[in-house]
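Remarks on the overall topology
For reference, the chains in residue letters:
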Amino acid sequence: MMLGSDVSSLSTTAATAAAKGLSIVVPAYNEAAGIAALHQRICDLARVLRQRYGLGCEVVYVDDGSSDATLSIARTLPASSLDVQVVSLSRNFGKEAALMAGLDHARRGAVLFMDGDGQHPTALVEQLVSHWIEGGYDVVYTAKAHRDNESLLRRLSVHSFYALINWGARQKIPEDAGDFRLLSPRAVAALRQLPEHNRFFKGLASWIGFRQIQVDYEPAPRAHGVTTFSFMRLLGLSIEGLTSFSVAPLRFASLLGVPLASAAFLFGLSIIWEVWATGKQVPGYPSLFVGLMTVGGVQLIMIGIVGEYIGKILSELKARPIYFVAEHSEKQFETEGRESANERTPAE
C-alpha cells in the first residue's frame, strides 16, 4: 500500500508543456465593473502565449456568489482567443473555496491563479510561464516587492503572522507571497490530492514542494470598487490559516504555561521567605485576586485555541462539500475564429 503519490509522469519539459496548455483561474466577487476589461487583457495575453510558446489557454471565471452583475457579464465574455468557462457558486463560500472550484474545473495542464480585481498584472504572466516552461519550475509564486504604502500596524501584523505560522514548520511559507501563482501539471495533481476541507492555498502550495521560485512585483492600483477585506475579515482569515495549516498556536499555549507556572512557584517561595524571615503574613486578597484573574484569563485563551482546532476536526469529520456549483457554462475557441458554446445548468 502506497502512502504517497507518484506524479513524476506529469513532469513537463519545454517540448511537452505546450501540449498540456494553461488554465487561468479567476475567482470573482462583485467585480462587474472591471471583469470585461480584465477579460480583454487575458485574451491579449493568450494570443502572446500562443505565438511564443504554442500554448493553448483557457480561463475559468468563478463567481463566488456575487450580488452585482458579475455573473451576467461573465456569461457574455467572448472566447476570442481562448476557451472560457464560467462557474457560478450557489452562494459566497469564500476565496479559498472559489480557488478550489476553479482548480477542479481547470482542464489544461498547468494552472495560473489570479484575482478578479485587476491588481495582478497580466504582463507578468509571460514571465511566470517562462519560469515554468524554460526554467523547469513547478511552482512560480509572486510576492509584493515592498509594503511601503501600508501602515506600520499592518506590516507588523503580516510579519507576526508569517513568523508564527512558520515557527517550527519544516516547509516555510514565503512572507508576502500571494495567491497569484502558476502551478505545473504535476504540482496541480499533487494539490488536487490533498483531502482537507479547511484549505489554506498559500500554505498548501508551499507544502507540496517541487522546484519553486519567487517573482517580486508591484500590485496595480485597484481600478474600481473597494476591497472587501476589512481588518476583522483579515484577522479571521489569519486565524483560519493558522489553525488550518499550523499547530504553532498550540505550541505557544503550551510554552506560555511554563513561565506562568514558574512565576507562580517563585511567588510562592517569596511568600514563604517573607513569613519565615519577618514573621509577618502577606495580605492575601490582592495577590489572590490578581493571580486568579491572570490564570483564568490565560485558561480562557487556551480553551479558545483548543476550541478552534476542535472546530476544524468537526468540520473535517462532517466532510461537507467545499462548494456547490449552481451554473456552469463553456465557450470553446476555434482557430478559425468561430466560437462554439455549450451551456449547462443547473449545478454539476
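It should be noted that the structure appears before, not after, this text.
Parameters and conventions
- Residues numbered from 1 in each chain as written.
- Predicted model: local features only at pLDDT ≥ 70, side-chain atom pairs only at ≥ 80, totals over all residues.
- Heavy atoms only, no water.
- Core = buried A, V, L, I, M, F, W, Y, C linked by side-chain atoms within 4.5 Å.
- Buried < 20%, exposed > 50% of the residue type's maximum accessible area, 1.4 Å probe, protein only.
- Helix = DSSP H or I, 4+ residues; strand = E, 2+ residues; numbered from the N terminus.
- Contact = heavy atoms within 4.5 Å.
- Polar contact = N/O pair within 3.5 Å; in protein donor to acceptor, adjacent residues only side chain to side chain.
- Salt bridge = Lys/Arg side-chain N within 4 Å of Asp/Glu carboxyl O.

Counting 39 residues, the largest nonpolar core has Leu-22, Ile-24, Ile-42, Leu-112 and Val-129 as the members making the most contacts within it. The greatest single-element share of this core, amounting to 8 residues, is contributed by helix H2 (residues 35-53). Val-87, Ala-98, Ala-106 and Tyr-141 belong to the second-largest nonpolar core, a separate cluster that totals 29 residues.

Buried residues dominate helix H7 (residues 185-192), accounting for 6 of its 8 residues. Among the residues of H7, those classed as buried are Pro-185, Ala-187, Val-188, Ala-189, Ala-190 and Leu-191.

Turning to its location among the elements, Thr-142 is positioned in strand S5 (residues 139-144). Here Thr-142 falls in the buried class, since its relative accessible area comes to 0%. Sequence spacing of Thr-142 and Leu-182 is 40 residues, and the spatial spacing of their C-alpha atoms is 8.9 Å. In this view, Thr-142 contacts Leu-124, Leu-128, Asp-176, Ala-177, Gly-178, Phe-180, Val-215 and Tyr-217; residues no more than four positions away in its chain are not counted. At a separation of 2.7 Å, a polar atom in the side chain of Thr-142 contacts the main-chain carbonyl oxygen of Phe-180.

On to the pattern of salt bridges. One pass over the full model with this rule turns up 9 salt bridges. Arg-52 serves as the salt-bridge partner of Glu-134, at 3.7 Å between the closest nitrogen and oxygen. Of this pair, Glu-134 sits in the loop between helix H5 (125-133) and S5 while Arg-52 is found in helix H2, placing the two residues 82 residues apart along the sequence. A relative accessible area of 52% places Glu-134 in the exposed class. Overall, Arg-52 belongs to the partly exposed group, its relative accessible area being 45%. Linking Glu-327 and Arg-75 is a salt bridge whose minimum nitrogen-to-oxygen distance equals 2.6 Å. Residue Glu-327 is found in strand S8 (residues 325-333), and its partner Arg-75 is found in helix H3 (residues 70-76); the two are separated by 252 residues along the sequence. The buried category is assigned to Glu-327, whose relative accessible area is 16%. Salt bridges here are not isolated pairs; linked through shared partners, they connect Arg-52, Glu-126 and Glu-134.

This part covers the environment of Cys-43. Counting through the fold element by element, Cys-43 comes out in helix H2. The class for Cys-43 is buried, based on a relative accessible area of 1%. Each C-alpha atom of the pair Cys-43 and Cys-57 lies 9.2 Å from the other, and the pair is 14 residues apart in sequence. Sequence-distant contacts of Cys-43, that is, excluding residues within four places in its chain, are made with Pro-78, Ser-80, Ser-81 and Leu-82.

Within the fold, Asp-179 resides in strand S6 (residues 177-183). In terms of polar contacts, Asp-179 uses its side chain to reach the side chain of Lys-95, at 3.0 Å. Residue contacts for Asp-179: discarding those within four places in its chain leaves Lys-95, Leu-99, Phe-113, Phe-201 and Lys-202.

Attention shifts here to the environment of Ala-189. Residue position: Ala-189 is located in helix H7. For Ala-189, a relative accessible area of 14% puts it in the buried group. Note: C-alpha distance between Ala-189 and Leu-103 (86 residues apart in sequence) is 9.9 Å.

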